[in-house]
Number of protein chains: 2
Amino acid sequence: MKLGHMSVPGDCDRISPILSHVGNKWAALTVLVLSEGPKRYNQLRREIETVSQRMLTVTLRGLERDGLVRREVFAERMPPQVEYSLTPLGETLVQPLFALCQWSAVNCDAIERNQADYDGPGRHARQAG
Amino acid sequence: MKLGHMSVPGDCDRISPILSHVGNKWAALTVLVLSEGPKRYNQLRREIETVSQRMLTVTLRGLERDGLVRREVFAERMPPQVEYSLTPLGETLVQPLFALCQWSAVNCDAIERNQADYDGPGRHARQAG
DNA sequence: CGGGATCCTTTACGATACTG
DNA sequence: CAGTATCGTAAAGGATCCCG
């Protein structure tokens with residue numbers, strides 16, 4: 001796929017997995033929460049609330065693997081602490097991600113209305129046969 | 001979840017599903033391709049290449065439901081044509097989505113290197129254990 | 001051409017239990 | 001505290017066949 005006049009450099013085959021990865025719900029929320037500063041594991045868990053322990057771990061490992069998040073262990077501390085923070089590369093993601101987040105926040109009312117509109121009137125409804 | 005100093009208005013409970021929806025691989029690609037102008041069904045299918053017929057349909061219905069994409073049927077034409085285009089709301093999504101797409105394009109090399117780095121050295125590799 | 005319906009495989013994800 | 005390992009379900013997604 002090409003983006004014509006907008007000319008995204010390189011393959012969309014390579015960017016689309018990345019896009020779907022960072023556009024991923026948990027990954028996006030994690031990056032956004034970490035943009036406030038370094039956080040510990042259970043701190044992240046509490047702030048993202050709806051995330052399960054398993055998905056938080058999986059997400060953090062993924063982001064660490066991408067080089068977007070750094071993991072630091074402080075075994076000397078009591079209790080032992082693990083701190084997560086954004087890498088410089090991770091920081092560069094915050095702005096575009098936040099912009100998309102803003103867009104969602106601004107337009108979620110309109111979208112929910114559109115959905116209700118689409119579902120309701122029966123033009124499209126398949127359940128009422 | 002709150003975004004502290006950045007203060008995303010409203011619940012993140014409502015924006016995160018939307019974010020994961022528009023951040024969705026197929027939805028994002030579809031919106032981006034449609035930002036070039038109206039396209040017909042099989043035209044979209046060819047341009048997005050890797051998309052299956054089923055997923056394209058599902059994605060288009062979802063975007064239509066959100067009010068981001070408009071579907072117009074021209075039965076009079078030969079052969080009968082169905083044209084998809086962005087709504088004004090859909091247009092407003094292009095810019096932030098494109099920004100994220102650009103980020104992916106710019107950083108995909110670095111990310112792939114990070115991943116190889118993370119997987120390779122054996123520090124993290126579990127398979128060779 | 002532009003899909004809908006169905007089947008089947010893969011993946012995502014949550015719940016639970018255990019560890020250092 | 002900060003995880004890992006395993007299990008079972010639900011959702012995503014591809015392949016295929018069929019229709020107007």
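Our structure is the block above this text.
Conventions used here
Residues numbered from 1 in each chain as written. Chains lettered and ligands numbered in written order. Predicted model: local features only at pLDDT ≥ 70, side-chain atom pairs only at ≥ 80, totals over all residues. Heavy atoms only, no water. Pairing = 2+ DSSP bridges. Helix = DSSP H or I, 4+ residues; strand = E, 2+ residues; numbered from the N terminus. Contact = heavy atoms within 4.5 Å. Salt bridge = Lys/Arg side-chain N within 4 Å of Asp/Glu carboxyl O. Nonpolar A, V, L, I, M, F, W, Y, C, P; charged D, E, K, R; others polar. Buried < 20%, exposed > 50% of the residue type's maximum accessible area, 1.4 Å probe, protein only.

Draft legend 1. Molecular detail of the sheet that holds strand S1 (residues 39-40) of chain B. Residue and element names in this part refer to chain B. Taken in spatial order, the three strands make up an open sheet running S1-S3-S2, and their pairing is antiparallel. Of all strands in the sheet, those with a lone pairing partner are S1 and strand S2 (69-74), marking the two edges. Across two bridges, S1 lies against strand S3 (residues 81-86) in antiparallel orientation. Paired with Arg-40 across the bridge in S3 is Glu-83.

Draft legend 2. Layout of the interface of chain B and chain A. Each partner contributes to the interface: chain B provides 57 residues, whereas chain A provides 57 residues. For the interface between chain B and chain A, the tally reads two salt bridges. Residues Asp119(A) and Arg65(B) are paired through a salt bridge, measuring 2.2 Å at the closest nitrogen-oxygen approach. Among the elements of the structure, helix H1 (12-22), helix H2 (25-34), helix H4 (53-66) and helix H5 (88-119) of chain B are those that each provide at least two residues to the side of chain B that touches chain A. Grouping the constituent residues of the side of chain B that touches chain A by class yields 29 nonpolar, 15 polar and 13 charged.

Draft legend 3. Inspection of unusual backbone geometry at higher detail. Residues and elements named next belong to chain A. Backbone geometry at Glu-49 places phi at a positive 60 degrees, although glycine is not the residue there. Structurally, Glu-49 can be placed in the loop between helix H3 (41-48) and helix H4 (53-66). Note on Glu-49: relative accessible area 55%, which makes it exposed.

Coordinates in, geometry out; function isn't part of it.
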